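This is what each chain is made of:
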Amino acid sequence: MASTIRVRAQAGSTSTEVQALIQHPMDSGFVKDSDGKLIPPHHIETVTFVHGGKTVLTANWGPAVSKDPYIKFSFAGGAKGDELVVTWIDNLGKTDTLTAKLT
Amino acid sequence: MKIRRLLLTALAACLLGGAAPAPASPEADRTAFQAFFKDRFPQTPFADFGNGPYAVNAPMRKQWEEIMQFPPYDFALDEGKTAFETKFANGKSYADCFPSRGIGIRQTFPYFDTKTGEVVTLDLAINRCRVANGEAPLKYQTGMMASITAYMSETSRGKPFAIEIPDDPRARAAFEEGKKFFYSRRGQLNFSCASCHASSSGQRMRGDILAPALGILAAFPIYRSDWGSMGTIDRRFTTCSSQMRAEPLPPQDIRYRNLEYFLSYMSNGVPITGPGTRP
Amino acid sequence: MQTAGPFPNETTRRATLRLLGLLGLAGFAGTAHAASAPGWPEDAFRQKTPDEALKLLYGKSFEASDKITLDVPEIAENGAVVPVAVSSSLPGVTRISILVPENPYALTASYTLAEGTAASVGCRLKMAKTSNVIAIVESGGKLFGTSKEVKVTLGGCGG
């Protein structure tokens, strides 16, 4: 099955810029369906970005992060070909991970 | 010799000077339509009209540019490419149904099919291809149909709309029907498409900026934040109809197809900007 | 998400959201589910006010700072997807959090930065209605913040 995680990680001279897009409903638990029933909350809780064994960023998300969530940040170092491991866990215990290569 | 030159000059002056009104033609309509929007939005480069509200409102554009750093239609695009390249059970594929193997042709849709005497949209053509090859048709409006049209649009990104009206009275009639639909008031709110997308284009309707009708279909299919998912031209036509408190027509209803034909022809020259994102 | 049936449009969807918040039923939405991801600050994410959330997340309050850049639109094109970018020239930034007081839960996201990770994050958030957006930056063990208002209105076409 195709990964839910898309990553663009570009290594510059001193730092690496990372953009990630994750396919996830991010249901807040506040919206009702067509039958008038609350759609239960189903959203990512944590996303970790690991480069060279170091967690460069941990994102803790609540239900107010938009559907198909996006994140952009940058960290020092990184070279073309390095690996960046991105992992998310949601409130239902579901998870996905992707190992991306820096360009 | 001198008299002939004088006559020719007089004739030219007559035609160009417009002493009598020129007979109505789709080309004349298109010129007038595009001139209306160019005048209304003098700061907007012609090629930018495919970007809807973002072409005519700077703060909206900034939000769009942020989202376009990593567009949310990315997943649908991948899904569409994979589906497009997957063979049908009979060994054929979409490429066998379309000119240029289906790549870089979205800007020629919709077209008038002189064999069947009707306007054919890309969505309709996709389903006809499927059925002709023993596959079940896809549901319109969203899902896989939106994903495949997203991929096909992406292969045409930047190519200008090039809609043709063949020299056939039925084609001309379809165009005129689409035009009439665009300018006709309907529903409880008594709005026509033109009420918002021509007369009030660029203005705010509560939180939204009304997109100009010129180029309005160029970005489809779109990931609309309001839907949290992809939607085709059909999806927007039916939901807009409902929101205007007019009867929504079924997807691919001939009236919607004719409207799409009219709007696309009016946008000839505007580059394809799809798939796109919208509020 | 479709909101047809008794909730045919954005107006009633938003009203429902506010009503749920007012009735305190919002908390119900989050009770019956699997254990949270390790390290996820569940209690902080369940607070209604920024003060309560910050107390649980950091145990301290913040002071205003002009060394934080908060990039948000003045008028959101859609409350479901509001682009927010926070960056700061403060030294040694360890965490960045973003709060929206008018949301049912104030805390939207919190980012923990390793040493060497730039004090700059971009994300897309949901805003239930017009509200301030508060960016909190933890630098040298202290909290600094800035806020800007984002107007969220109903879509014009929304029935």
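Everything that follows concerns the structure shown earlier in this document.
Draft legend 1. Region of the structure containing the overall build of chain B. Within chain B, the regular secondary structure consists of ten helices and seven strands. For 279 residues, the compact-globule estimate of 2.2 N^0.38 gives 19 Å, and chain B sits close to it at 20 Å. In terms of its C-alpha atoms, chain B occupies a principal-axis envelope of roughly 70 × 45 × 35 Å. For chain B, the proportion of its 279 residues judged to be buried stands at 43%. Contacts in chain B between residues at least 24 apart in sequence constitute 72% of all its contacts with a sequence separation of at least 6.

Draft legend 2. A look at the interface of chain C and chain A. With 46 residues of chain C at the contact, the number on the chain A side is 40 residues. Of all elements in the fold, only helix H1 (10–23), strand E5 (107–113) and strand E6 (120–125) of chain C reach the threshold of two or more residues within the side of chain C that touches chain A. No other element matches E5(C), which puts seven residues into the side of chain C that touches chain A. Residues of the side of chain C that touches chain A, tallied by class, amount to 27 nonpolar, 16 polar and three charged.

Draft legend 3. Structural detail: the sheet that holds strand E7 (residues 276–278) of chain B. All names here are of chain B. Spatial ordering of the open sheet is given by E6-E5-E7, a layout of three strands whose pairing is mixed. Two strands lie at the open edges of the sheet, namely strand E6 (229–231) and E7, each paired on one side alone. Averaged over all pairs of adjacent strands, the angle between strand axes in this sheet comes to 35°, irrespective of strand direction. The sheet contact formed by strand E5 (residues 222–224) and E6 spans three bridges and is antiparallel. Each bridged residue has a counterpart across the sheet, and for Tyr223 the counterpart in E6 is Met230.

Draft legend 4. Local environment of helix H7 (residues 169–183) of chain B. Residue and element names in this part refer to chain B. Given a rise of 1.5 Å per residue, 15 residues ought to cover 21 Å, and the 21 Å separating the end C-alpha atoms of H7 matches this to within 8%. Taken together, the buried positions of H7 are occupied by Ala171, Ala174, Phe175, Gly178 and Lys179. Along the axis of H7, the buried positions cluster into a sector of 135°, meaning they face one direction only.

About the thresholds
Per chain, the residues get numbers from 1 upward, laid out in the order the sequence is written. Chains carry letters from A onward and ligands carry numbers from 1 onward, assigned in written order. Per-residue local features are limited, in this predicted model, to residues with pLDDT of at least 70; the limit for side-chain atom pairs, both in listing and counting, is 80 or more; totals at the level of whole chains, interfaces and linings are taken over all residues. A run of H or I in DSSP counts as a helix once it spans at least four residues, and a run of E counts as a strand once it spans at least two, with each numbered from the N terminus. Within these notes, the globule rule equals 2.2 Å times the number of residues to the 0.38 power, and the radius of gyration is based on C-alpha atoms. Every C-beta atom is placed from the backbone, and the number of other C-beta atoms within 10 Å of a residue's own sets its class: buried at 20 or more, exposed at 12 or fewer, partly exposed in between. C-beta atoms are placed from the backbone for every residue, and two residues are taken to be in contact when these atoms lie within 7 Å. Amino acids are sorted into nonpolar (Ala, Val, Leu, Ile, Met, Phe, Trp, Tyr, Cys and Pro), charged (Asp, Glu, Lys and Arg) and polar (every other residue, Gly among them). Whether two strands pair depends on DSSP finding at least two bridges between them. Axes here mean lines fitted to C-alpha atoms, for a helix over just the part in contact, with angles spanning 0 to 180 degrees between N-to-C directions. Between the first and last residue of a helix there are one fewer steps than residues, each counted as 1.5 Å, and that sum is the expected span. Comment: arc refers to directions from the helix axis out to C-beta atoms.

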